[in-house]
Amino acid sequence: MKITIIGQGYVGLTIAAFASKSNQVIGFDNSQKVVDQLNHGISHIEGVESTLIKTAIDSGNYRASTNGADISGSEVVVIAVPTPLNKERKPDLSYIESACKTIAENITEPVVVINESTSFPGTLRDYIKPLIEKYSDYKIEHLYAISPERVDPGRTDWDQKNTPRLFAGLTPEASKKTKEFYSTFCDNLVEVSSPEVAEAAKLFENTFRQVNIALVNEFAEIAHALGISVHETLEAANTKPYGFMKFNPSAGVGGHCIPVDPSYLAHVAAAKGVPATFIERANEVNLEMPKYIVARVAADNGGTLTGKSVQVIGVAYKPNVADTRETPAELVIDELKRQGAKVSWHDPVVSIWQGETSSALGGSDIAIVVTLHDALDKQTVLASAPYVFDTTGKLKGAKGL
Ligand SMILES: NC(=O)c1ccc[n+]([C@@H]2O[C@H](COP(=O)([O-])OP(=O)(O)OC[C@H]3O[C@@H](n4cnc5c(N)ncnc54)[C@H](O)[C@@H]3O)[C@@H](O)[C@H]2O)c1
């Protein structure tokens with residue numbers, strides 16, 4: 001099959017790497033830099049090795065492009081573009097709209113349009129389909145389906161092949177073609193009765209994580225106030241073989257999914273007049289963690305951070321990826337600066353962030369570990385400052401959550 005994947009980021013490139021083993025894939029992206037790199041066989045995404053891209057290019061099965069004309073003749077078009085929140089923390093579907101325009105302007109024969117971008121129930125039926133029809137002057141009747149993406153960047157045990165994939169078409173024909181496409185690289189396809197169920201399932205999966213992370217973060221504060229170890233308590237609870245799932249406290253949630261997707265669910269709930277109280281409260285708790293951590297650090301250091309040098313270690317939102325989107329490290333740094341600290345950051349995986357390069361490890365009065373990458377040696381981190389506060393629970397001997 002000739003496939004187009006619109007968006008060659010974490011999701012789109014991961015699918016391209018798998019789909020191009022048995023299909024001809026055009027990786028369409030509007031970033032010339034991304035496209036040039038990919039066509040030189042250089043991957044910018046953790047978990048997608050450059051050798052995979054090189055092999056796919058050499059086999060003639062993969063090419064990246066910014067040129068809309070290259071996507072014509074496709075049988076399947078997958079949308080994998082960002083779905084962030086706007087300044088009011090409401091869904092921003094502008095990237096999806098732009099992808100719809102690209103499809104409408106360049107696809108002249110009926111295809112299967114599959115949305116993999118995360119959005120609220122109704123996005124496929126009430127937004128994507130009408131937009132593509134409008135931009136193509138209602139001339140072509142495409143098939144439409146949804147298959148929400150579950151990729152966990154950097155993870156190797158669960159990938160595109162073995163992770164169960166939900167899907168649903170707007171029509172039985174759309175479902176059939178969607179199944180045919182994903183069967184070329186995924187072993188476990190789960191069809192649900194409507195696109196809205198698939199869209200909602202994706203949002204609920206990430207809301208489940210967001211709420212449980214908030215719960216354990218709140219519990220970390222309670223445990224500290226009670227003078228007991230949150231980690232030992234969680235390990236103890238985790239010996240129960242059923243009815244408990246362990247989540248770890250942290251400086252908060254980051255990335256493009258957990259801090260964002262629950263707000264998509266809250267948005268549609270509000271539109272229907274249903275309160276999404278758990279989501280709202282979980283957002284608050286997670287966003288308050290940086291302040292709590294900085295307050296703990298200040299309390300341990302004579303009650304003030306004014307004039308003290310503090311190094312934040314690990315600014316990516318999770319270990320072993322360079323993704324800094326929505327990273328809680330940013331809120332930790334903002335709070336430290338608000339309290340008059342002189343702040344630097346070190347991250348062996350993130351070389352440039354907010355226009356600054358990573359500083360060398362060490363040399364500060366205080367270190368706060370937000371993300372502990374495997375590339376960071378634990379003993380070296382422990383020795384990097386006279387006082388080390390660990391938010392990860394992985395540094396034995398440090399102060400921390
Ligand atoms: N990152 C994850 O772990 C993950 C997991 C599951 C689902 N998702 C969802 O998948 C979607 C994509 O996320 P991502 O992390 O891959 O984003 P990303 O930012 O890594 O990549 C998006 C790519 O799309 C390109 N792009 C943006 N608008 C475009 C357009 N109109 N035409 C062509 N290219 C365009 C950008 O240049 C970028 O390269 C989002 O809805 C996200 O919520 C992400």
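Residues numbered from 1 in each chain as written. Predicted model: local features only at pLDDT ≥ 70, side-chain atom pairs only at ≥ 80, totals over all residues. Heavy atoms only, no water.

S.K.: Where do I start with the pairing of strand E13 (residues 366-369) in this structure?
M.R.: Alternating residues of E13 divide into Ile366 and Ile368 and Ala367 and Val369, and every residue in both groups is buried. Across four bridges, strand E9 (residues 309-313) lies against E13 in parallel orientation. Paired with Gln311 across the strands is Ala367, a residue of E13. The sheet contact formed by E13 and strand E14 (residues 387-390) spans four bridges and is parallel. The residue of E14 that forms the bridge with Ile368 is Phe389. (Buried < 20%, exposed > 50% of the residue type's maximum accessible area, 1.4 Å probe, protein only. Helix = DSSP H or I, 4+ residues; strand = E, 2+ residues; numbered from the N terminus. Pairing = 2+ DSSP bridges.)

S.K.: Please clarify how the sheet that holds strand E7 (residues 165-169) should be interpreted in this entry.
M.R.: Remark on secondary structure: sheet strands pair via backbone hydrogen bonds, oriented parallel or antiparallel. Taken together, the eight strands give an open sheet; going across it, the order is E3-E2-E1-E4-E5-E6-E7-E8, and neighbouring strands pair in mixed fashion. Of all the strands in the sheet, the pair left with one neighbour each is strand E3 (62-65) and strand E8 (189-191). Neighbour-to-neighbour, the strand axes of the sheet open up by a mean angle of 25°, direction not taken into account. Sheet topology places strand E1 (residues 2-6) next to strand E2 (residues 24-28); five bridges connect them, and they run parallel. Within E2, the residue paired with Ile5 across the bridge is Gly27. (Axes fitted to C-alpha atoms, helices over the stretch in contact; angles between N-to-C directions.)

S.K.: Looking at this structure, I do not really get the layout of surface pockets. What am I missing?
M.R.: In this approach, a probe sized like a water molecule rolls over the atoms, and the result shows the empty space that is left. Looking at the second largest pocket, its volume works out to about 250 Å³. In terms of lining, the second largest pocket is formed by Pro82, Pro84, Leu85, Asn86, Arg89, Tyr95, Gly255, His256, Val260, Arg325 and Glu326. Considering only residue class, the lining of the second largest pocket consists of five nonpolar, three polar and three charged. (1 Å grid on protein atoms, 1.4 Å probe; cavity = no way out; pocket = protein on both sides within 12 Å on 5 of 7 lines; lining within 4 Å. Points joined across faces, edges and corners; volume = space filled by probe spheres on them. Nonpolar A, V, L, I, M, F, W, Y, C, P; charged D, E, K, R; others polar.)

S.K.: Teacher, can you tell me more about unusual backbone geometry here?
M.R.: Trans peptide bonds make up the majority, and among non-glycine residues the majority have a negative phi. Phi is positive for Tyr138, close to 55°, though the residue is something other than glycine. Residue placement: Tyr138 occurs in the loop between helix H5 (123-135) and strand E6 (143-146). Judged by relative accessible area, which is 59%, Tyr138 ranks as exposed. The backbone of Glu326 shows a phi angle near 55°, a positive value even though the residue is not glycine. The exposure class assigned to Glu326 is partly exposed, which follows from its relative accessible area of 41%.

S.K.: Explain the sheet that holds strand E10 (residues 342-346) here, please?
M.R.: Judged by pairing direction, the sheet is parallel, and its five strands sit side by side in the order E10-E9-E13-E14-E15 without closing on themselves. Edge positions in the open sheet fall to E10 and strand E15 (399-400), since each of these has one partner strand only. In this fold helix H11 (residues 328-338) packs onto E9, E10 and E13, with an angle of close to 175° to the strand it touches most, E9. (Contact = heavy atoms within 4.5 Å.)

S.K.: Honestly, the packing of aromatic side chains in this entry has me stumped. Any pointers?
M.R.: The geometry of an aromatic ring pair is captured by two quantities: the separation of the ring centres and the angle between the planes. Enumeration over the complete set of coordinates arrives at six aromatic pairs. Judged by centre distance (6.0 Å) and plane angle (35°), the ring pair of Phe120 and Tyr264 falls under tilted. Of this pair, Phe120 sits in the loop between strand E5 (112-115) and H5 while Tyr264 sits in helix H9 (residues 261-271), and the two are 144 residues apart along the sequence. Pair check on accessibility: Phe120 and Tyr264 agree, each one buried. Taken together, Phe181, Tyr182 and Phe185 form an aromatic cluster joined through their ring pairs. (Phe/Tyr/Trp six-rings, centres within 6.5 Å; stacked < 30°, edge-to-face > 60°.)

Functional significance is not addressed by these values, which are geometric in nature.
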